[in-house]
Amino acid sequence: MNKRTLILVFLLLFLRVSFPQSTWLISESKNFKIIYLEKHSGIIPHIIASAERSFAVLSKVFNYTLSEKIIINVYDINDYGFASATNVPENFIRLEIEPFEAGYENIPFNERIQWLISHELVHIVVNDKNSEFGNFLRSIVGKVAPEQMEPLSVFFSLLTNGNRYTPRWHQESIAVFCETWLSGGYGRVLGNFDEMYFRSLYLGENHFPSDVELDAKTSHNNYLLETLFYLYGGRFAAYLSLTYGPEKLVHWFSEDNNSITTSFKVSFESIFNISFNEAWKNFIDYERKFQEKNVEKIQKNPVTRINRLTKEPIGWVTSAYYDKDLNSLLFGYHKPHHLAAIQKFSLKDSTSEDIATLPSPSIYQVASTAYDSSNKLFFFTTNNNQLYRDVWVLDTKTNKNKLLFEDCRVGQLSISPATNDLFGVQHSLGKVSIIHSAYPYHQIDVIKTFPFGDEVQQISLSPSGDLVAIILHKQDGTQQLIISSIKSLLFDKELKFKFITDKGSPENPSWSNEENFLFWNAYVNGVSNIYRMNLLDNDIEPLTNVLTGLFRPLYLNEDSIFAFEFSSEGFYPVLIENKKADRLAAISYYGQELLNKNKNLITQFALNNNIDAAIYVAPDEYNGLEHLKVLTFIPVITGFQKQKVLGFYAHISDPLINHDIVTEFGYSPFKENPLGPKFHFKLKYDYLKKLEVSIDHNATDFYDLFNTRKRGMIGSKFRIGHNYYWVYDNPLKVTQKTELALYKDIQFINDNLVKVSEPDFAVAQTIFNSKNLRRTIGSSDFESGNEFNATVMVFGSNPKEPQYAWESHIEWDNYNLFLFNHNVLHFKLSGGYHKKNDNLYQARFFFGGFGNREVENVDVKQYKSVFRFPGIPIYSLPAEQFGKLLIENTFPPIRFADWNIGQHYLNHIDFSIYSQLLVLKTDSDNKWIDAGAQINFIFKHWFNLESTFSAGIAHAWSSSEKNWEWFLSYKLLKN
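Keep in mind the model is a prediction, meaning the values are calculated, not measured.

Time to look at the overall build of the protein. Each helix and strand counted, the protein has 15 helices and 54 strands in total. Whereas a compact globule of 975 residues would reach a radius of gyration of roughly 30 Å, the protein reaches 30 Å, a difference of no more than 12%. Along the first, second and third principal axes, the C-alpha set of the protein runs to 95 × 65 × 55 Å. With 975 residues in all, the protein has 60% of them scored as buried. Of the contacts formed within the protein by residues at least 6 apart in sequence, a portion of 58% connects residues at least 24 apart.

And the structure:
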């Protein structure tokens, strides 16, 4: 490939893609700005009205005065609805308008938009409150977010956003508490799932974690993951309100905490007159006694005998399907320390076999599934936790799978046993539709769309294919089990159906083989039991009286029903008898006791539906440039080689981050280096996270203040870059980063250790990256899959007498779980070729070193980088060509429960050993081997910030020499 061709190819790669952008609209009400796409215009008045109603209550309850309008950004890029909120650097709520992920009544709700906005607004109101000094500082520097390149931002962030720096359970506790009463009693304080979890925890005699242990250890290893923060947070808030009154609870969260001087625990003690640790212990003791009473109530009637089919729980599960020919069950599962998979479970001998992997599982449902037993086809969805779902089919005879429908947004699958047609539920524009795809599944047809707010959560076709059972969640919070005919579903304009029940939030309907019985689970008595209805006489009766909860019933025969039993550690596959149970006793609800004691809670948080929030500024096209705002403006001290630099750092952006500007300018007033440059400047502009332009002039580096290796570079750099996603389909992501950089008056590169042969030169490069990596619950990093990188770089200088050099290198990483849980074996193969030009010495490959500086801001495992080779001095080995093999074993992370001092704790320890073989074309030894080890201590600070202390040692040898290298390094914040 000649030089001109290479340059032409590079330019074509750089310019190949335009920048399509959907048109955003913006409207305003009294307290909100809402940014949305035109296709969502129909629900905007409802969103604004919901927000204004909630805000009117919360601002009064917490005595909060709004300093700036709250931005709500409406999205529809995932299949399940959720929201997130932050007050840094602006009051901002991201709202996904799709229906929630249903299951187990983990989130009791009525109208989901009102419920969701109410929850998120609590975070805004509580976290945005500040002291007089904090508000004064905000008026000067803004609400500062932590920036890794400028660690002094942490100091300002703590002063301007003190309430934000508390643990996640603490953040969610008040939001869960308020969500329940703002929704008229629909919420987790009165939720069945929460009762079931704590009852199961008590019955299993499992350990109740401390608050620090919950954050540092339990939430990483338990199958419930971050759901635990909502469970414990909401429960602790309810306990405090029950014991001390809701006024003190609200007072605690109305405090203006300064996280440097006053922690949330210090303010707790001053308000409740008891130490926080003692109160947490009392909370656990009260919980045990409360659950003991509930268990006694259940046991007043005979408890159903349950036959567990496994000794250990299997985490989250999908629906199970019975294959009579194999006498086996097929279902998906996702448990801690294992990749999610599809399992074949033998009922004959209780053995199990994973027949396929199940990428991108969601937390509650894992995936939507269905099974065609006649053709032995198992249907499942991917992208269940992010983006739009795809439908796949697995041939269980050959264990080969095929993509049926990509980005179709379809789940809740069901197969007609009579016709093999596929039915499912589709989410789009916030609405729910039932779809149909005739065998052999060439296209999807929408057959019924429901009004906004009504949600079809599950469908189940009868064995004859004539009837369908549907779980329908209504806007008023009721959840109905109904039956309709397939003909009505397919052809009637209005669905005709038979109402079965709405008691106890019924879900997971299934049929008997003869179609004379319908089964489901429901919390009628506060415990999820299995129910059946005789379709001949419409008689409904319970089949079980259990202590924890049973879900997803599946008819096996006249005598036996299969189900999944809930435990605090995961679900168990179980068998129960197919016979009526005796009377069921109702349990007590924690939230009901609170409500009985504080009858004004509902009225205190009652929404005023007469608020005229529908009057808002007419929509206008959103222009990011018109909404640019200085988010942060702080004084900084940074380093430039051996000089100290005083200056200012600024961050300017619009709410959607269409335009993002970061700049720093400074002056060296001291005399550490009289001949060094005095003025320093950095500017980076980002457009749509795709196009990036930057200018550096004698660019500073904060970390130069502490390190012997300096990265502040004399001279100027002008760069333009472009990022493009070829594929974004979890877990597979294929990206390409392309950039052109011009360097002027440069003397050294690579931490100022490699002298350049030309001070003025240009570098063009494109990096192609394909990543398909997965991890299990309890991991600290990726554990399975592959990553591939290909890089092409072209160097040029001296336009009058052009000089060129180019290089290309590739990398392939493979990760596999090995021997035991979280033990990861990593192979990395890499190789490269450089077209030599002595006039461009800096274009060569430079190997050597761990790479970690004394105080760092990049990934701590730098030994995995292609040009690192611990054991020999960094950048000491230039080469024209190379091949390299890395073999690494990363041991399971060691997590800690209560290793804390105040608001700082040791989160976990990582340890790795490795060895590398390097073969290269160079002027010295062309074969090197090294072996080394590295340990990393990961700390959490103020519950939201992270740092890492690392230590490593390595030995390298060639045919003529041997070298040792070691390092100690401290990394600030998280990449």
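Okay, back to it.
Turning our eyes to something else, we now look at the pattern of salt bridges. Across all of its chains, the model carries 43 salt bridges by this definition. For Glu 565, the salt bridge goes to Arg 308, with nearest N and O atoms at 2.9 Å. Of this pair, Glu 565 sits in strand β29 (residues 560-565) while Arg 308 sits in strand β6 (residues 307-308), and the two are 257 residues apart along the sequence. According to the relative accessible area criterion, Glu 565 is buried, its value standing at 7%. Judged by its relative accessible area of 40%, Arg 308 falls in the partly exposed class. With its nearest N and O atoms 3.4 Å apart, the salt bridge here joins Asp 395 to Lys 397.

Turning our attention to the sheet that holds strand β27 (residues 539-542). Taken together, the 4 strands give an open sheet; going across it, the order is β24-β25-β26-β27, and neighbouring strands pair in antiparallel fashion. Either end of the sheet is taken by a strand with one partner, and the two such strands are β24 (507-511) and β27. The mean angle between the axes of side-by-side strands here comes to 20 degrees, regardless of whether they run parallel or antiparallel. Note: β24 against strand β25 (residues 517-522), 3 bridges, orientation antiparallel.

When strand β37 (residues 713-729) meets strand β38 (residues 732-744), the two strands line up antiparallel, connected through 13 bridges. Looking across to β38, one finds that Ile 720 is bridged to Leu 740. The hairpin formed by β37 and β38 contains 2 residues between the paired strands.

With that out of the way, let us pick up the nonpolar core. Core analysis: the biggest nonpolar cluster contains 140 residues, and Ile 47, Phe 62, Phe 177, Tyr 232, Phe 236 and Trp 252 have the highest contact counts within it. At 11 residues, the largest contribution of residues to this core is made by helix α9 (residues 227-244). Apart from the residues within four sequence positions on either side, Phe 236 is in contact with Trp 169, Trp 252, Phe 268, Phe 276, Ala 279, Trp 280 and Phe 283.

Tracing the chain through its elements places Ser 505 in the loop between β23 (497-501) and β24. At 3.4 Å, the side chain of Ser 505 and the side chain of Glu 105 are in polar contact. In this view, Ser 505 contacts Glu 105, Gln 479, Asn 521 and Ala 522; residues no more than four positions away in its chain are not counted.

Let us look at the packing of α9 against helix α14 (residues 590-597). At a closest axis distance of 9 Å, the pairing of α9 and α14 adopts a crossing angle of 30 degrees. As summarised for this structure, α9 and α14 are arranged roughly parallel, according to the angle between their axes. In the crossing of α9 with α14, the sense of the turn from one axis to the other is left-handed. Contact residues: Arg 235, Ala 238, Tyr 239, Ser 241, Leu 242 and Thr 243 in α9; Tyr 590, Glu 593, Leu 594 and Lys 597 in α14. Along the lines of polarity and charge, the residues of the contact of α9 with α14 split into 5 nonpolar, 2 polar and 3 charged.

Along the chain, the position of Thr 23 falls in the loop between α1 (3-15) and β1 (24-28). The exposure class of Thr 23 is partly exposed, given its relative accessible area of 45%. Through-space distance from the C-alpha of Thr 23 to that of Tyr 622 is 7.4 Å; in sequence the pair is 599 residues apart. Setting aside anything within four residues of it in sequence, one finds Thr 23 in contact with Tyr 36, Leu 37, Glu 38 and Glu 621.

By the secondary structure assignment, Gln 862 is in the loop between β46 (855-856) and β47 (877-879). For Gln 862, a relative accessible area of 6% gives the class buried. Within polar-contact distance, the side chain of Gln 862 engages the side chain of Arg 868 at 3.5 Å. Gln 862 has contacts with Phe 850, Gly 851, Asn 852, Glu 856 and Arg 868, leaving out every residue within four places of it along the chain.

You can see Ile 44 is positioned in helix α2 (residues 44-61). Given a relative accessible area of 0%, Ile 44 falls into the buried group. Sequence separation between Ile 44 and Ser 27 is 17 residues; the distance between their C-alpha atoms is 8.9 Å.

Another point: a nonpolar patch on the surface. Taken together, the side chains of Val 630, Phe 633, Phe 648, Phe 665, Phe 681, Ile 695, Phe 718, Leu 740 and Leu 742 define a hydrophobic patch exposed on the protein surface, amounting to about 720 Å² of accessible area. Along the chain, Ile 695 turns up in strand β36 (residues 691-699).

Here helix α6 (residues 168-182) contains 15 residues, and its C-alpha end-to-end distance of 21 Å stays within 8% of the 21 Å for a straight helix at 1.5 Å per residue. Extensive coverage of α6 is indicated by the burial of 14 of its 15 residues. Phi turns positive, to about 70 degrees, at Gly 184, one or two residues after α6.

So, on to the packing of aromatic side chains. The final tally for this structure, using the stated rule, is 75 aromatic pairs. Here Tyr 725 and Tyr 728 contribute two aromatic rings whose centre-to-centre distance is 5.2 Å and whose plane-to-plane angle is 75 degrees, an arrangement assigned as edge-to-face. Positioned above the aromatic ring of Tyr 75, the side-chain terminus of Arg 94 is 4.5 Å from the ring centre. Over the face of the ring belonging to Tyr 728 we find Lys 733, whose NZ or CZ atom lies 5.3 Å from the ring centre.

The bulk of non-glycine residues show a negative phi, and the bulk of peptide bonds are trans. For the bond from Val 88 to Pro 89, the omega torsion is 0 degrees, close enough to zero to count as cis. The residue Pro 89 is located in the loop between β4 (82-86) and β5 (92-96) in this model. Backbone torsion omega between Asn 730 and Pro 731 reads 0 degrees, so that peptide bond is classified as cis. Relative to the elements of secondary structure, Pro 731 occurs in the loop between β37 and β38. Phi is positive for Leu 387, which is not a glycine, with a value near 70 degrees. Inspection of the secondary structure assignment puts Leu 387 in the loop between β13 (377-382) and β14 (390-395). Here the phi dihedral of Leu 688 falls at roughly 60 degrees; this positive angle occurs in a residue that is not glycine. Tracing the backbone through its elements, the reader meets Leu 688 in the loop between β35 (679-687) and β36.

What follows is about the sheet that holds β23. Taken in spatial order, the 4 strands of this open sheet run β20-β21-β22-β23, and their pairing is antiparallel. Looking at strand neighbours, the two that pair on one side only are β20 (455-461) and β23, the edges of this open sheet. Averaged over all adjacent pairs, the angle separating strand axes in this sheet is 25 degrees, with direction ignored. With 7 bridges joining them, strand β21 (residues 467-473) and strand β22 (residues 479-485) adopt antiparallel strand pairing.

Direction vectors running N to C along α6 and helix α10 (residues 246-254) enclose 135 degrees, while the axes themselves pass 11 Å from each other. By the angle class used here, α6 and α10 are oblique. Like other packed secondary-structure pairs, α6 and α10 cross with a definite hand, here left-handed. Where α6 abuts α10, its residues His 170, Ser 173, Ile 174 and Phe 177 lie against Pro 246, Leu 249, Trp 252 and Phe 253. Tallied by class, the residues present in the contact of α6 with α10 amount to 6 nonpolar, 2 polar and no charged.

The subject of this paragraph is the pairing of β4. Bridge analysis of β4 against β5 gives 5 bridges, and the strand direction is antiparallel. Looking at the pairing, Phe 82 lines up with Glu 96 of β5. Once β4 ends, the chain turns through 5 residues before running back antiparallel as β5.

A few words now on the confidence of the model for the protein. Residue-level pLDDT values for the protein average 93, and 97% of them are 70 or greater. In the predicted structure, residues 1-20 sits below a pLDDT of 50 and forms 29 contacts with residues beyond four places in sequence or in another chain.

Analysis parameters
Residues numbered from 1 in each chain as written. Predicted model: local features only at pLDDT ≥ 70, side-chain atom pairs only at ≥ 80, totals over all residues. Heavy atoms only, no water. Helix = DSSP H or I, 4+ residues; strand = E, 2+ residues; numbered from the N terminus. Rg over C-alpha atoms; globule rule 2.2 N^0.38 Å. Buried < 20%, exposed > 50% of the residue type's maximum accessible area, 1.4 Å probe, protein only. Contact = heavy atoms within 4.5 Å. Salt bridge = Lys/Arg side-chain N within 4 Å of Asp/Glu carboxyl O. Pairing = 2+ DSSP bridges. Axes fitted to C-alpha atoms, helices over the stretch in contact; angles between N-to-C directions. Core = buried A, V, L, I, M, F, W, Y, C linked by side-chain atoms within 4.5 Å. Polar contact = N/O pair within 3.5 Å; in protein donor to acceptor, adjacent residues only side chain to side chain. Parallel < 35°, antiparallel > 145°, perpendicular 65-115°, else oblique. Left-handed = near helix turned anticlockwise from the far one by under 90°. Nonpolar A, V, L, I, M, F, W, Y, C, P; charged D, E, K, R; others polar. Patch = residues over 30% accessible without salt bridge, like charges linked within 9 Å, V, L, I, M, F, W, Y side chains within 5 Å. Areas by Shrake-Rupley, 256 points an atom, 1.4 Å probe, with all protein chains shown as cover. Expected span 1.5 Å × (residues − 1). Phe/Tyr/Trp six-rings, centres within 6.5 Å; stacked < 30°, edge-to-face > 60°. Lys NZ or Arg CZ within 6 Å of the ring centre and 35° of its normal. pLDDT = per-residue confidence, 0-100.

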